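# Per-entry structural report
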Amino acid sequence: MPLPDKALFTIKEAGEHLALSRASVYRLIDEGQLERVYPRQKAARITRESLNTLLEKAKTPGAVATSIEQHAQAKEQAAKITEQQHQEEKKKSLADRWGLGNIFGNKAG
């Protein structure tokens, strides 16, 4: 279905053109795959260009869903890495407090 001749679309309209729920449209916005602008305060709209770009991806069956899944996996992986780094910093901090900094290659102070 071709897009109507207008520059901005509501969240609902974008969802209808993509055959996605409002929640999925918001997820695409959060992931940077759709551009949201505010022509008026509290009046979010999706740009025609970002919607067209996503619809072009959608010409390949499952492309949008695959893109969403890949982004979700990348986000999950980044969260795991961040958590691992946080745990390592926590271990080092505790080891330093107890004078065991040499366990992690640090000299106790």
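Quick summary incoming for the structure in this document.

## Notes on the sheet that holds strand β3 (residues 43-47)
Pairing within the open sheet is antiparallel, and its three strands lie in the order β1-β3-β2. Each edge of the open sheet carries a strand with a single partner, namely β1 (8-9) and β2 (36-40). As paired elements, β2 and β3 share three bridges and run antiparallel to each other. Bridge pairing in β3 places Arg36 opposite Ile46.

## Here's the deal with the packing of helix α1 (residues 11-18) against helix α2 (residues 22-30)
Put simply, α1 and α2 touch, their axes get as near as 9 Å, and they point 100 degrees apart. Relative to α2, α1 is oriented roughly perpendicular. Here α1 contributes Ile11, Lys12, Ala14, Gly15 and Leu18 to the contact with α2, which in turn contributes Arg22, Val25, Tyr26, Leu28 and Ile29. Across the contact of α1 with α2, the residue classes break down as seven nonpolar, one polar and two charged.

## Looking at a nonpolar patch on the surface
Where nonpolar side chains cluster on the molecular surface, the patch consists of Leu94, Trp98 and Leu100 and spans about 360 Å² of accessible area. Position of Trp98 among the secondary structure elements: in the segment after α4 (63-97).

## Details of the nonpolar core
The biggest cluster of nonpolar side chains holds 14 residues, and the ones touching the most others in it are Leu18, Val25, Leu28, Ile29, Leu34, Ile46 and Leu51. Contributions of two or more residues to this core are made by α1, α2 and α3 (48-58). Leaving out residues up to four positions away in the same chain, Val25 has contacts with Ile11, Ala14, Gly15, Leu20 and Leu34.

## Quick word on the side chain of Ser50
Locating Ser50 in the fold gives a position in helix α3. Within the structure, Ser50 has its side chain in polar contact with the backbone nitrogen of Glu35 (distance 3.0 Å). Leave out the neighbours within four places in its chain, and Ser50 touches Gln33, Leu34 and Glu35.

## Side note on the environment of Val37
Looking at where Val37 falls in the secondary structure, it is placed in strand β2. Among the residues examined, Val37 registers a relative accessible area of 23% and is labelled partly exposed. Sequence separation of Val37 and Phe9 is 28 residues, and the distance between their C-alpha atoms is 9.9 Å. If sequence neighbours within four positions are ignored, Val37 has contacts with Leu8, Ala43, Ala44, Arg45 and Thr47.

## With respect to the pairing of β3
Buried residues dominate β3, accounting for four of its five residues. As paired elements, β1 and β3 share two bridges and run antiparallel to each other. In the strand pairing of β3, Leu8 is matched with Thr47.

Calculation notes
Residues numbered from 1 in each chain as written. Predicted model: local features only at pLDDT ≥ 70, side-chain atom pairs only at ≥ 80, totals over all residues. Heavy atoms only, no water. Pairing = 2+ DSSP bridges. Helix = DSSP H or I, 4+ residues; strand = E, 2+ residues; numbered from the N terminus. Axes fitted to C-alpha atoms, helices over the stretch in contact; angles between N-to-C directions. Parallel < 35°, antiparallel > 145°, perpendicular 65-115°, else oblique. Contact = heavy atoms within 4.5 Å. Nonpolar A, V, L, I, M, F, W, Y, C, P; charged D, E, K, R; others polar. Patch = residues over 30% accessible without salt bridge, like charges linked within 9 Å, V, L, I, M, F, W, Y side chains within 5 Å. Areas by Shrake-Rupley, 256 points an atom, 1.4 Å probe, with all protein chains shown as cover. Salt bridge = Lys/Arg side-chain N within 4 Å of Asp/Glu carboxyl O. Core = buried A, V, L, I, M, F, W, Y, C linked by side-chain atoms within 4.5 Å. Buried < 20%, exposed > 50% of the residue type's maximum accessible area, 1.4 Å probe, protein only. Polar contact = N/O pair within 3.5 Å; in protein donor to acceptor, adjacent residues only side chain to side chain.

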